[in-house]
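Remarks on the overall topology
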Amino acid sequence: MLETEYKKNDIYELLEAIEARPAMYLGSESLSLLRAFLDGFISGSQQVAPHPSGFIDFHEWVALRLGYFESTSGYANMILTAEAGDEEKGLDRFFRLWNEFRNRKRRVIYEAVRDFPPVVVSQRRLDSGEIEEMESNLIQIIKYTDDNSGFIKYVNGDREIREMYCQDLDRAFWLVNAFGFDIDTKAWKKVGD
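Please read these numbers as outputs of a predicted model, since none were measured by experiment. (Residues numbered from 1 in each chain as written. Predicted model: local features only at pLDDT ≥ 70, side-chain atom pairs only at ≥ 80, totals over all residues. Heavy atoms only, no water.)

**Some words on helix H6 (residues 87-103)**
The condition that has to hold: Secondary structure elements are defined from DSSP: runs of H or I of at least 4 residues count as helices, runs of E of at least 2 residues count as strands, and each element is numbered from the N terminus. Expected helix span is computed as 1.5 Å times (number of residues minus one). Each residue's exposure class comes from its accessible area (1.4 Å probe, protein chains only) as a fraction of the maximum for that residue type: buried when under 20%, exposed when over 50%, partly exposed otherwise. Each polar contact in these results corresponds to two N or O atoms within 3.5 Å; when the atoms are within protein, one needs to be able to donate a hydrogen and the other to accept it, and residues that are neighboring in sequence are counted only if both atoms are side-chain atoms.
With 17 residues, H6 should reach 24 Å at 1.5 Å per residue; the first-to-last C-alpha distance of 24 Å fits that figure. Among all positions in H6, only Gly-90, Leu-91, Phe-94, Phe-95, Leu-97, Trp-98 and Phe-101 are buried. The opening residue of H6, the one whose side-chain oxygen lies 3.1 Å from the backbone nitrogen of Glu-88, is Asp-86.

Written out as structure tokens, the structure is:
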């Protein structure tokens, strides 16, 4: 039974088990089968617990690593396109990208605090498709790689709400204001390199 292999609702441990024995869990080595399996797992997990931590940000990581402008096509489509539709190579690349994603080190480059009114961030829940709105007072521009790309991170207390990939830092600053958050350029404080 799967529960003996990983902690209930822990997508990280589940993916470790699948990576070790993909055919046992999926039937064959196929990225499309993995995606279907994970979609079912996430949907079922939503009935008893919040969305698996951080997995939604994986789409953004794949967009960065594969040179996409945005992540709207989803991780599986981006990876399969990069692998010319080869399911087995796609599965192998998924796990390489997943392990990079899990081991990445965040560097906060800039941050801005907006005390009043707080930023309201909308995010579609994967389980129900409903839009969930959360307030964020802290917005960070973060980097994981040494290229010019960056991510916008919205934070509420100790809860990270959402991460959005941007091809360059200028676009990150522009997007924050394009979404109506009106952060004055003087409000941004340089934190890191």
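After presenting the structure, the write-up continues.
**Quick notes on the pattern of salt bridges**
This is how it is decided: Put simply, a salt bridge is a Lys or Arg side-chain nitrogen that is within 4 Å of an Asp or Glu carboxyl oxygen.
Within this structure, the stated rule accounts for six salt bridges. Across the pair Asp-39 and Arg-35 runs a salt bridge, and its minimum N-O distance is 3.7 Å. Residue Asp-39 and its partner Arg-35 are both found in helix H3 (residues 31-45); the two are separated by four residues, about one turn of the helix. Judged by relative accessible area, Asp-39 falls into the partly exposed class, the value being 38%. The shortest N-O distance in the salt bridge between Arg-93 and Glu-83 comes to 3.3 Å. Within this pair, whereas Arg-93 is found in helix H6, its partner Glu-83 is found in the loop between helix H5 (75-82) and H6, the two being separated by ten residues in sequence. Its relative accessible area of 22% is what places Arg-93 among the partly exposed residues. Residue Glu-83 is classed as buried on the basis of its relative accessible area, which comes to 16%.

**Re the pairing of strand E4 (residues 138-143)**
Rules: For two strands to be treated as a pair, DSSP must find no fewer than two bridges joining them.
The buried fraction of E4 is high, at five of six residues. Strand direction decides the pairing type here: strand E1 (residues 107-113) and E4, joined by six bridges, are antiparallel. For Tyr-110, the partnering residue across the bridge sits in E4 and is Ile-141.

**Description of the packing of helix H1 (residues 11-20) against H6**
Note the cut-off: Under this scheme, a helix contributes an axis fitted over its contacting stretch, all axes are lines through C-alpha atoms, and angles between N-to-C directions fall in the 0 to 180 degree range. Note: crossing handedness is left-handed where the near helix turns anticlockwise from the far helix by less than a right angle, and right-handed where it turns clockwise. Here a residue-residue contact requires only that any non-hydrogen atoms of the pair lie within 4.5 Å. Residues are grouped as follows: nonpolar covers Ala, Val, Leu, Ile, Met, Phe, Trp, Tyr, Cys and Pro; charged covers Asp, Glu, Lys and Arg; every other residue, Gly included, is treated as polar.
Orientation of H1 relative to H6, taken along the N-to-C sense of each, is 145 degrees, at an axis distance of 12 Å. Seen from above, H1 lies across H6 with left-handed handedness. When H1 is examined against H6, the residues Tyr-12, Leu-15, Glu-16, Ile-18 and Glu-19 are found in contact with a partner set consisting of Phe-94, Phe-95, Trp-98, Asn-99, Phe-101 and Arg-102. By residue class, the composition of the contact of H1 with H6 is seven nonpolar, one polar and three charged.

**Quick look at the packing of aromatic side chains**
Quick note on the threshold: Stacked, edge-to-face and tilted are the three classes for Phe, Tyr and Trp ring pairs, Trp counted by its six-membered ring, which pair at centre distances within 6.5 Å; planes under 30 degrees apart are stacked, over 60 edge-to-face, the rest tilted.
In this structure the tally under the stated criterion is 14 aromatic pairs. Centroid distance Phe-58 to Trp-98: 5.2 Å. Interplanar angle 75 degrees. Geometry classified as edge-to-face. Of this pair, Phe-58 sits in helix H4 (residues 55-66) while Trp-98 sits in helix H6, and the two are 40 residues apart along the sequence. Trp-98 shares its class with Phe-58; the two are buried. Here the aromatic rings of Phe-173 and Trp-188 are separated by 5.1 Å at their centres, their planes lie at 75 degrees, and the arrangement is edge-to-face. Taken together, the positions of Phe-173 in helix H7 (residues 169-178) and Trp-188 in the loop between H7 and strand E7 (189-190) put the pair 15 residues apart, joining distant regions of the chain.

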